Each structure stands twice: as structure tokens, then as C-alpha cells.
Amino acid sequence: MIAESGHYAMVLALALALIQSTVPLLGARLSDPALMNIARSTALAQLLFVAFSFAALVTLHVTSDFSVANVFENSHSLKPLIYKVTGVWGNHEGSMLLWVSILALFGGLVAAFGGNLPRSLRARVLAVQAWVASAFYLFILGTSNPFLRLPNPPIEGRDLNPVLQDIGLAVHPPMLYLGYVGFSISFSFAIAALLEGRIDAAWARWVRPWTLIAWIFLTLGIAMGSYWAYYELGWGGWWFWDPVENASLMPWLAGTALLHSALVMEKREALKVWTILLSILTFSLSLLGTFLVRSGVLTSVHAFATDPTRGVFILLILCVFIGGSLMLFAWRASALKQGGLFAPISREGALVLNNLFLTTACATVFIGTLYPLGLEVLTGAKISVGAPFFNLTFAPLFLLVMIALPFGPMLGWKRGDLLGAAQRLLAAGVVALFAVAIAWAWTSGGAALAPLAIGLAVFVIAGALTDLAERIALFRAPFGVAMRRMRGLPRSIWGTAFAHAGIGIALIGIVCETTWNTEYLGTMKAGDAANVAGYELRLEGLFQEQGPNYRETTAPFTVYGGGQRIAVMRPSKRSFTTRGGMSTTEAALLTRGASQLYISLGDATPDGGIAVRIYHKPMVLLIWLGPVLMAFGGMLSLSDRRLRVGAPKPAKALRGLQPAE
Amino acid sequence: MKRVLALLFIVAAISVTAARAVQPDEIMADPVKEARARDLSRELRCMVCQNQSIDDSEAPLARDLRLLVRERIAAGDSDGQVIDFLVARYGEFVLLKPRFERRTVLLWLVPPFVLLGGGLALWLNGRRRSGHGGVGPSQPALTAEEEARLAALLAADAPPEKS
């Protein structure tokens, strides 16, 4: 019953989405408020039904109803409860259901909190949102029904892939989807603006918070995924330039560009057409990512050709939405009036430069990811494009971005003073040079460029701090005045500083980890000790243990540093009896400041030893602290009074009514 | 979900009894040669894996390739010779960084082309929109009368400096 009602709820959601995609548009055309308001109620009702459908699938997984194919294939009665829940989206059908649920959630949020939007704009935005939703409901119902019953229900399920039985699965996919799908809102706003043929600064102010929310989640989702791979895959890598990673990086790059161009549009009414195009491109890249991962085209072009139903359906969605929106753009964009002029050296100019670099970086990832696929389809030749390619092309671009980054916030709108900005950044530059000198003197070995990269990172961080100091007139005004100014500083300024400093911090982590990473590799027996980066690690022995649905071999290591016993690390290897003896490596991590010791186990040797890899990864945690700071900056910016107050039109009138901060 | 799939692919590529990447018994005695072998390994693809270098991969094939690379280095090959040897044997697919040749022209040229093309488009756009030579001169200059009024207005209410 639960499966059938869940299925039925989704059919109803599709019906609602179809109404929502047509009637409000008619209403907007006829200026009929009643018809336009239908968008709001259908969006909320749609959310309700999808949520019901999702809850039904969760219930089926939790109660281990193996008469449902999806549960049988991905669950096991002995699996811990949390993985029964997360297993819902650890498979194709369930993850698509999560996708549409989040889509409906965003639609519902716009319906619920979009009260200050002009009615016709809201109607059109929700209608466009429903086009996307309808396409994906059709996809799920037609090709990937998670509620399919099995004629002869088996007694036990096949269990979830062991690598996925991790807390990472609970957090990473939902975060990533909140980011991916969140960009559908800016897409819908862009299409609605093209349909209306009107766009202004207020539009940018409505779009920015939604873009920011999506960007925050995507940032955290990517960082979380990277950390998950780092500790779960067992060789200490944190970014592999894998096509599936690139699929999430592309919308992030485009989304970051969009955040910055929307800023120009909001403040200065410039870059309208470009902002619209970026909104379309960002969500198109999200769709492309969904296609790449969901169609199986990445595993092999041939696998895609032999079982093409799903792939072709998503490809069709992709073509219709990307092609359609770009055509609409080409047709209507000329109707949008260009806004304010600005000199090349200005805040706008700096943001345009940022967009140029981010777009190029995005194009680089795009071509590197799709070129092998395209070449194979067209000529049959197989080539590989991997990490070395991206390191050579993407990294220099990002270093250029970072050199320019501190100058942007220092320049004035319309016409800036580059020399003045450089003078104000002098202190940051001096600090950076000191950092280069220190890094160069302290470390030995590794690339000669590493200390320079550290200096660049410090320059970015110091630049962000300088921006804050300049704005509160620190050292120029009396200290009390500066503090008062600091309290009065808009939160978006703080947000910018945090986000920009976050990039610098991540770069320090990346440079340190890749340059001064120490590795020990060897076969060890009980009582053996290894020396890594000033730590001594002694293997205490090998122990067999039994988990709920696996057996594990644990190898406790006692860690000594400076003659002192610091901790015990317990790396292990798990063998999943439920999955035919498939094994996973559970690495042990010991955090010392921002650095980590990392142990992962290999195979046992016949004479009672075990292959062991031990890494010392200096400053590795900064790689993820950076994105967390960036997301925090995004949240600060989101809580800024300017965005909370909403539409700029009534802002003056409302100001008196707002509670004091 | 993207990552999940990555994990799935990688797991699928690992057989149950797979060894971990670079085994203790593979390491060369000479640290300089070993470092060269590691650097080369990072540029070579494990062909049965999903986008993994042989340095990272646990598949038996990757182990064979690692041993082969070390064999060639021990035999006195230069890095280029090792690469040529592997390409001759396994095709271009083995290189994670494709060589610059006719069919990879687009791959290598798109990033600089986008950057330069974008820059050029911006420059032309800026010139077109602001007339020639920046923002100022394209706008009609103020008449003497307007200048005087402007000066008077500015003097009347010079705004206090805002943060």
C-alpha cells in the first residue's frame, strides 16, 4: 500500500506541475490575478505530494519491505538504521526522487516567501520551475520508478554498497542537490525575465539570495564530498578531477561568476544580459551534471548506446531546456536595455574580470570533461584527460584570479583608482613577502613555486583583512570610532571578507598538502614501528572484530611524538559478508593542529604482516576549512539587512518599521 | 550523488582481493629513480579504472604497469622513452595528459582561446560603448554655464564622507 500511494502521490504531483506550468502563464498574459495565484497554491501542493512520495520511499527502506525492487537492491535487514535512511538516495531511482523533492522544495519556498515579488513575475517564475519539475516527474515515472514491486518478494535484500555505508552519504548528496537544484531558481527567474521582457536592479536583488543559498550548499556539498573521498577511499587524495567531480565543479564556477555579476546588476544596473545568460548557463551545467552521472555515459559510451532509455530521456530534457532557454535568450535578450557605464578600472571592471576568469576556468573543465566523450563518439579514438591536464590548465587560471582578487573590493564603483588600491594593499603585499621568505626558509624540498603560492594565499587573506580595516578606518581614526564603525559595517562586507579569505586559506592547505606531504609505505608486523614526519607509530597487533553486517581487521597503532605517547589510531579493513565479501578500508586519522596523520591498511601477508601506508599531511584541514569559511561568508551576506528587507522599491517606507539591529 | 557514483565506479574496478596502490615490494632501491617512477605513474592511466592514475589504482593491471615503468627506468630509459614505450603498447588512452596533436588541438586551445576571445570581446565592447578612449570624452562636455552651476551645487552641500 505504501509503495502504491507513494507512486500515486508522484502522479498527482506531475498533474499539479502540469497545471502550474501553464495556467499561471495564461494568467500573466491576461493579467488575471486569480489565474496567476494558482501558481502559488499548486507549488505548495506539489511540494506536499512529493514530500509524501519521498516519505513513502523512506518508510519502505526503514521497514525493509523487500517486495519493492529498489529496497531489495539497496538494503538489508541488518543494516544500521541511519544507512537504511541514507540508502534511499544511494541509488539511481531514489536519488532522482530526492532531486525532484528538492526542486519542489525550492518552488514551495518561492511560493511561500515570494510575497514581495510582483505577481506576474512570481507566476512566471513558478511556471518555469514547474516545466523543469514536469520533465523530471515524467523521467522518474517513465524510466526510473522507485516504487516498482517484485512479483516474488525475496526474504533478504542485497545490501547497500559498503563504500556508501558512511555518514558521508547522509550529508553529501542532499547538500550537493540543494546546490545543484537551487540554481533552478535563478534559471526560472532568468526565463521569467525574458518572458516579461523587463529586468531591473530589483530583479537582481530578488535573485541574489536564492543564488547565494544554492551556492552555499554547493560549496559545502563539494567540500564535504572531497573530505569523504579523502577518508573513505584510503589513499589520501581529496580531488581527482573525475568527471563526476567536474560535473559539480562546473555549476559552482558558473554560480560563483553569477553571484558576482548579479552584484554589479543590483548596484549599477549593468551586465543585465550577461547575468541572464549566466543564470541559464549555471542551471544548464547542473542539468549536464545530472545527465553525465545519471545516463551512464561516463562509464562507457557503449554502455550508454546499449541501454539508452534513461540516458536518451535525460539528454532530451537537457536539449529542450538548454536549447530552448538559449533560443529564448537569443530572441529576447536584445529587448533588455543595457545599464550604467563604467571605466575598465572600476569595481565593475574587476567583477567583469572575475567573470572572465571564472568562465574560462569553467570552459576548461567543460572541455576537459567532455572532449574524450565527444572524440570517441565522433572518431572512435579513445584518449584520457585527467589530473595532469587540469593541473596544467586550470591551476594557472585560478592563480591569476587570486592575484587580481584583493584589488576588486578596493576599487570604487564606476571609476576606480588602481594606484590607490595598490597603495592600500601595500601592507598586505609586505605581509605576503614575509610569508614567502618564511616558507622558503622553513621548508626544504618540494617545488620552488610552493613558497610563492603560499605568499599569494597570504596576500589574498591579508587583502581581505585590509579591506575590512580600510572600511572601518582602523589606525586612521581613533580606536573607539573604528570599533563603532566595525559594528555598523554591513554583514555583506563581512561576508565578502570571509569568502575571499577562505579561498586563500584553502590554497595554503592545497599547497602544503601537495608539496610537503610525507609518505611511508611498508609491510609491518606486530611490534614494528615506522617513523613519519617526526612521529613514531608502533603497530600493536592485528585484531579480528565483528560488526553488524561486516567483519573487520583492526590494526591499532600507538603514536609517539617527542618521546610522548600521543594517541592510538585504529585503521581497519572491513569485509562485508552481505555483499559477497566486498571489502572497504577504514583509514584512521589523527588531527594535530591543521595537519593530519593518516593510516590505511593494505593486504595481510602470509607471514602475519600487513601492508601499511602512513601519510603525514601538513595543513590538510585548511583545504576544507577554506570552503567552510566561504560558505560562512555566504551566510553572513545572506543575513544582510539589504537582502532581508527585500525589494528595493518599498525599502524606504519599510525602514522605519524594521526592528533596530 | 556525483561522488557516490565516483565511489561506485572505483569500487567496481577494485577486485575483492586487490592490493593497495604502490606496494612495498615494488619500490626501487634508488630514491631518485623511485621518485621519477612515481611522477611518471601519476601521468599514466590505469586503463581498467574510472579515471585513476596507476599511482592511485589498486587494480592488478595498474601494478603491472607500475612494474613495467620501473623496469624501463631501471633499463636506463628517459622519461620520454618510457612514455613512448607505453603509448606504443597501449595507445594514447594511457596518457592522462593527452599530447598536443591534430585531434587534441581543440582540447588544448579552448582554454586560452576563451580567455583571449573573452578579453578581446570585452575590450571591443568597452570601446564601442564608451566611444573612443574611456568613459569621459565620449560624453558631451559640460558648457561653461553648466560647469558653474555644478560647482555651485557641489559647494552648497558637500556631503560628509561616508563609510
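Residues numbered from 1 in each chain as written. Chains lettered and ligands numbered in written order. Predicted model: local features only at pLDDT ≥ 70, side-chain atom pairs only at ≥ 80, totals over all residues. Heavy atoms only, no water.

Another aspect to go through is the packing of helix α17 (residues 449-471) of chain A against helix α19 (residues 491-516) of chain A. A pair of packed helices is characterised by two quantities: the angle between their axes and the separation of those axes. Residue and element names in this part refer to chain A. For the pair α17 and α19, interaxial distance at closest approach is 9 Å and the crossing angle is 165 degrees. By the angle class used here, α17 and α19 are roughly antiparallel. Note on packing geometry: the crossing formed by α17 with α19 is left-handed. In terms of residue class, the contact of α17 with α19 is made up of 20 nonpolar, three polar and one charged. (Axes fitted to C-alpha atoms, helices over the stretch in contact; angles between N-to-C directions. Helix = DSSP H or I, 4+ residues; strand = E, 2+ residues; numbered from the N terminus. Parallel < 35°, antiparallel > 145°, perpendicular 65-115°, else oblique. Left-handed = near helix turned anticlockwise from the far one by under 90°. Nonpolar A, V, L, I, M, F, W, Y, C, P; charged D, E, K, R; others polar.)

One finds W99, Y137, F189, W203, W252, L253 and I276 of chain A to be the most contacted residues of the largest nonpolar core, which totals 186 residues. The dominant element in this core, judged by the number of residues it contributes, is helix α8 (residues 201-232) of chain A, at 18 residues. Excluding residues within four positions of it along the chain, I276 of chain A makes contact with A190, A193, L194, I199, W203, F329 and L336 of chain A. Residues C46, I54, A62 and V69 of chain B belong to the second largest nonpolar core, which totals 21 residues. (Core = buried A, V, L, I, M, F, W, Y, C linked by side-chain atoms within 4.5 Å. Buried < 20%, exposed > 50% of the residue type's maximum accessible area, 1.4 Å probe, protein only. Contact = heavy atoms within 4.5 Å.)

Moving on, we come to the confidence of the model for chain A. Summing up the model confidence of chain A, the mean pLDDT is 88 and the portion of residues at 70 or higher is 95%. Every residue in residues 646-661 of chain A scores below 50 in pLDDT, and together they form 15 contacts with partners more than four places removed in sequence or on other chains. (pLDDT = per-residue confidence, 0-100.)

What follows is about the sheet that holds strand β7 (residues 564-569) of chain A. Residues and elements named next belong to chain A. Strand order in the open sheet made by the four strands is β2-β3-β6-β7, with antiparallel pairing throughout. Looking at the sheet topology across the chains shown, the edges are occupied by β2 (529-532) and β7. Geometrically, the sheet is characterised by an average inter-axis angle of 25 degrees between neighbouring strands, direction not taken into account. Pairing between strand β6 (residues 557-561) and β7: five bridges, direction antiparallel. Along β7, the bridge assignment pairs T558 with V568. (Pairing = 2+ DSSP bridges.)

Looking now at helix α4 (residues 79-90) of chain B. Residues and elements named next belong to chain B. End to end, α4 covers 16 Å across twelve residues, agreeing with the expected 16 Å (1.5 Å per residue, within 8%). Looking at α4, one finds that the buried residues are V82, I83, L86 and V87. Seen along its axis, α4 keeps its buried residues to an arc of 130 degrees; they face one direction. Exposed positions of α4 whose direction lies more than 90 degrees from the buried face are A88 and R89. In this fold, the buried residues of α4 make contact with α2 (31-43) and α3 (60-74). The first or second residue beyond α4 is G91, which carries a positive phi of 85 degrees. (Expected span 1.5 Å × (residues − 1). Arc of directions from axis to C-beta.)

What follows covers a nonpolar patch on the surface. Nonpolar side chains collect at one region of the surface, where L426, V430, F434, I438 and W442 of chain A lie side by side and expose about 630 Å² of accessible area between them. Summarising the element assignment, I438 of chain A is placed in helix α16 (residues 426-442). (Patch = residues over 30% accessible without salt bridge, like charges linked within 9 Å, V, L, I, M, F, W, Y side chains within 5 Å. Areas by Shrake-Rupley, 256 points an atom, 1.4 Å probe, with all protein chains shown as cover. Salt bridge = Lys/Arg side-chain N within 4 Å of Asp/Glu carboxyl O.)

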